[in-house]
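Commentary on secondary and tertiary structure
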Amino acid sequence: MNSLVAYESSESETDYDESEEVISLQREDNLVHSKFQSAFPTTTEWESTKCEFALQVASSECAHTERKWNSTQNCTQTNICVIPRPPEQFLNEEPYFQFPRKDHKNTLNLKWKSDRIPVKMVPSAQKRAFQTSAASAQNIKPYIPKRLRQKDVTSKSNDFKDSTEVLTSEINCTATEEHQLSHLNRISDFIKPYLENQYKVTNIPKCLVFQISEHKGPVTTIHWCPVQKHSHLLLSASMDKSVKIWDAVETGRCLMTYLCHSGAVRDAQWSSCGRNVLSGGFDSMIHLTDIETAKQIVSVRNECQVTCLAFNPENQNIFLSGGFSSTVRAWDTRTCKVVNEYSAGIQQTLDILFLPGGKEFLTSTDAVSRDSADRTIIAWDFKTSAKISNQIFHERYTIPCLAVHPKEPVFAAQTNGNYMVLFSTQRPYRMNKRKRYEGHKVEGYGVGCEFSPDGTIIATGSADGTLCFYNYLNSNLIQTLPAHKEACIDVSFHPVHPSIIATCDWGGEVKVWQ
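First, a word on scope: everything that follows refers to the structure included in this document. (Residues numbered from 1 in each chain as written. Predicted model: local features only at pLDDT ≥ 70, side-chain atom pairs only at ≥ 80, totals over all residues. Heavy atoms only, no water.)

Things to note about the sheet that holds strand E16 (residues 306-311)
- Taken in spatial order, the four strands of this open sheet run E16-E17-E18-E19, and their pairing is antiparallel. Single-partner strands in this sheet number two, and they are E16 and strand E19 (337-343). Pairwise comparison of adjacent strand axes, ignoring direction, gives a mean angle of 25° for this sheet.
- Where strand E18 (residues 327-332) meets E19, six bridges bridge the pair, whose relative direction is antiparallel. Opposite arginine 329, over in E19, you have glutamate 341 as the bridge partner. (Pairing = 2+ DSSP bridges. Helix = DSSP H or I, 4+ residues; strand = E, 2+ residues; numbered from the N terminus. Axes fitted to C-alpha atoms, helices over the stretch in contact; angles between N-to-C directions.)

This is how it looks when you write it as structure tokens:
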């Protein structure tokens with residue numbers, strides 16, 4: 001009796017043979033290539049889902065075939081062995097993505113002996129999601145509420161506005177600086193006609209030209225630039241810690257402001273070249289500043305507060321400083337060191353004046369004895385630092401200011417006795433007892449005085465705010481001008497124009513008269 005053997009459909013036989021062929025493939029490398037992070041589902045997923053997977057296996061002959069399995073319970077005992085490709089090659093013209101190996105310690109019990117396989121398992125339901133996952137992950141942006149977006153837009157616009165404002169302000173600053181420098185270096189059209197002609201007779205000013213009130217403290221001193229072609233520049237020092245340069249002839253505007261001091265500025269002087277300004281104050285600092293760059297060429301610290309300064313007319317590298325000390329010091333701007341000292345044994349130096357020639361100088365002090373002030377004015381030899389004479393002024397008043405005549409060997413001394421007296425610049429520095437200029441008030445203020453360029457008029461401020469003009473020859477009071485509400489501290493004649501004069505007061509105002 002012939003036995004009949006029943007076979008299942010031919011599809012099952014071909015599947016079985018092909019599965020054996022896959023299992024018999026040799027492993028040559030332990031590298032894994034996969035395009036997905038999870039190549040196979042867990043046991044629960046194998047048991048619960050009955051989906052079909054398409055497995056593309058690359059053989060050593062670079063041929064690709066598709067294998068299909070029905071996910072059944074017996075599939076958990078199947079071992080899959082494949083031959084990997086090198087990582088430089090591509091499968092179906094698509095690159096392999098490298099992922100770390102995943103150990104499945106479940107009932108699936110898949111035995112991996114390598115970390116890379118050239119397989120491409122594509123779940124049909126999630127194919128699109130996995131293909132766009134890498135690109136979409138880079139382009140994902142967090143959701144930002146509308147309010148925050150509007151705030152960001154406004155902040156960016158404000159930042160842009162601020163940056164543009166800063167840029168425009170910098171441009172304006174540079175433009176103004178260039179404009180100011182041009183005013184510092186140029187020759188005033190108002191002064192040009194007087195540069196070509198000789199100085200005529202000084203005229204007493206009649207009207208106010210400029211009233212400047214930018215200083216916030218008492219103005220202690222004012223000086224016109226000694227260079228005639230730049231004599232439109234006016235220097236002022238104030239107790240508000242600032243030194244300013246003004247165009248006091250044409251515009252009345254402030255051209256430069258120097259804030260190098262931390263205390264009140266007591267005195268400031270032009271250099272003979274007109275390019276530098278020497279200043280000293282109650283911060284015990286002395287600065288030599290370039291007027292164009294506003295940089296300190298010399299900065300030295302004095303042992304005491306500075307009240308007066310003076311350049312040597314024969315050597316502009318040397319200047320003298322006096323203050324709340326009994327010693328006057330000579331400084332060299334090239335070495336920033338003290339080259340000489342002049343000790344008088346007094347309390348305070350009020351003013352310093354070089355006599356013509358620069359070999360001798362005078363100092364005025366506040367030293368007053370019971371019956372006389374034998375050390376109120378002291379004459380010094382500049383080189384030897386020896387006292388030439390201290391018996392010059394014998395009256396019991398201090399002298400806050402000294403001024404030398406431009407043409408005659410005479411200097412004037414302002415006293416706290418509300419008058420001015422004349423002395424000879426030659427030894428033994430005798431006082432002229434026949435001339436005394438009275439009519440103004442000092443009353444403890446450091447009121448200054450000055451001779452006109454032609455030497456015919458001597459002008460002085462007053463504690464009551466008036467400006468007084470005296471005839472040098474006969475000492476008569478020519479005219480009194482109500483200049484300020486506060487005490488008029490200093491006065492300065494223009495070096496070129498015969499009818500321009502500048503004044504300053506204790507309230508911080510600077511005025512120009514013509």
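So, next bit.
Some details on the packing of aromatic side chains
- Applying the stated criterion to the full structure yields 15 aromatic pairs.
- With a centroid separation of 6.3 Å and 65° between ring planes, the pair formed by phenylalanine 311 and phenylalanine 319 is classed as edge-to-face.
- In this structure phenylalanine 311 comes out as buried when scored by relative accessible area, which is 11%.
- Where tyrosine 342 meets phenylalanine 361, the ring centres are 5.0 Å apart and the plane angle is 80°; that geometry is what we call edge-to-face. With tyrosine 342 in strand E19 and phenylalanine 361 in strand E21 (residues 360-365), this residue pair connects regions lying 19 residues apart in the sequence. (Phe/Tyr/Trp six-rings, centres within 6.5 Å; stacked < 30°, edge-to-face > 60°. Buried < 20%, exposed > 50% of the residue type's maximum accessible area, 1.4 Å probe, protein only.)

A closer look at the sheet that holds strand E30 (residues 466-471)
- Read across the sheet, four strands follow the order E28-E29-E30-E31 without closing on themselves; strand pairing throughout is antiparallel. The sheet is open, and its two borders are formed by strand E28 (449-451) and strand E31 (477-482), each paired with just one other strand. Direction aside, neighbouring strands of the sheet carry axes that sit 15° apart on average.
- The sheet contact formed by E30 and E31 spans five bridges and is antiparallel.

Some details on the environment of arginine 427
- With respect to the helices and strands, arginine 427 occurs in the loop between strand E26 (419-424) and strand E27 (431-438).
- Residue classification places arginine 427 among the exposed residues on the basis of a relative accessible area of 54%.
- Along the backbone, arginine 427 and isoleucine 392 are 35 residues apart, and their C-alpha atoms lie at a distance of 9.8 Å.
- If we ignore the near neighbours within four places in the chain, the residues touching arginine 427 are Glu360 and Ile388. (Contact = heavy atoms within 4.5 Å.)

A short note on the pairing of strand E12 (residues 265-270)
- Among the six residues that make up E12, five are buried, leaving the element largely enclosed by the rest of the structure.
- Here E12 pairs with strand E13 (residues 276-281) via five bridges, running antiparallel. In the sheet register, valine 265 faces E13, and the bridge partner there is glycine 281.
- Where E12 folds back onto E13 in an antiparallel hairpin, the turn is made up of five residues, including glycine 274, whose phi is positive at roughly 75°.

Side note on unusual backbone geometry
- Here the bond from arginine 427 into proline 428 is cis, since omega is 5°, no more than 30 degrees from zero.
- Among the structural elements, proline 428 can be located in the loop between E26 and E27.
- Backbone geometry places alanine 294, a non-glycine residue, at a positive phi of 60°.
- Take alanine 294: its relative accessible area is 32%, and that puts it in the partly exposed class.

Quick look at the side chain of threonine 220
- Along the chain, threonine 220 falls in strand E8 (residues 219-224).
- With relative accessibility at 8%, the residue threonine 220 sits in the buried group.
- A distance of 3.2 Å separates the side chain of threonine 220 from the backbone oxygen of arginine 266, its partner in a polar contact.
- Setting aside its immediate chain neighbours within four residues, threonine 220 contacts Ala237, Ser238, Met239, Val265, Arg266, Asp267, Ile489 and Asp490. (Polar contact = N/O pair within 3.5 Å; in protein donor to acceptor, adjacent residues only side chain to side chain.)

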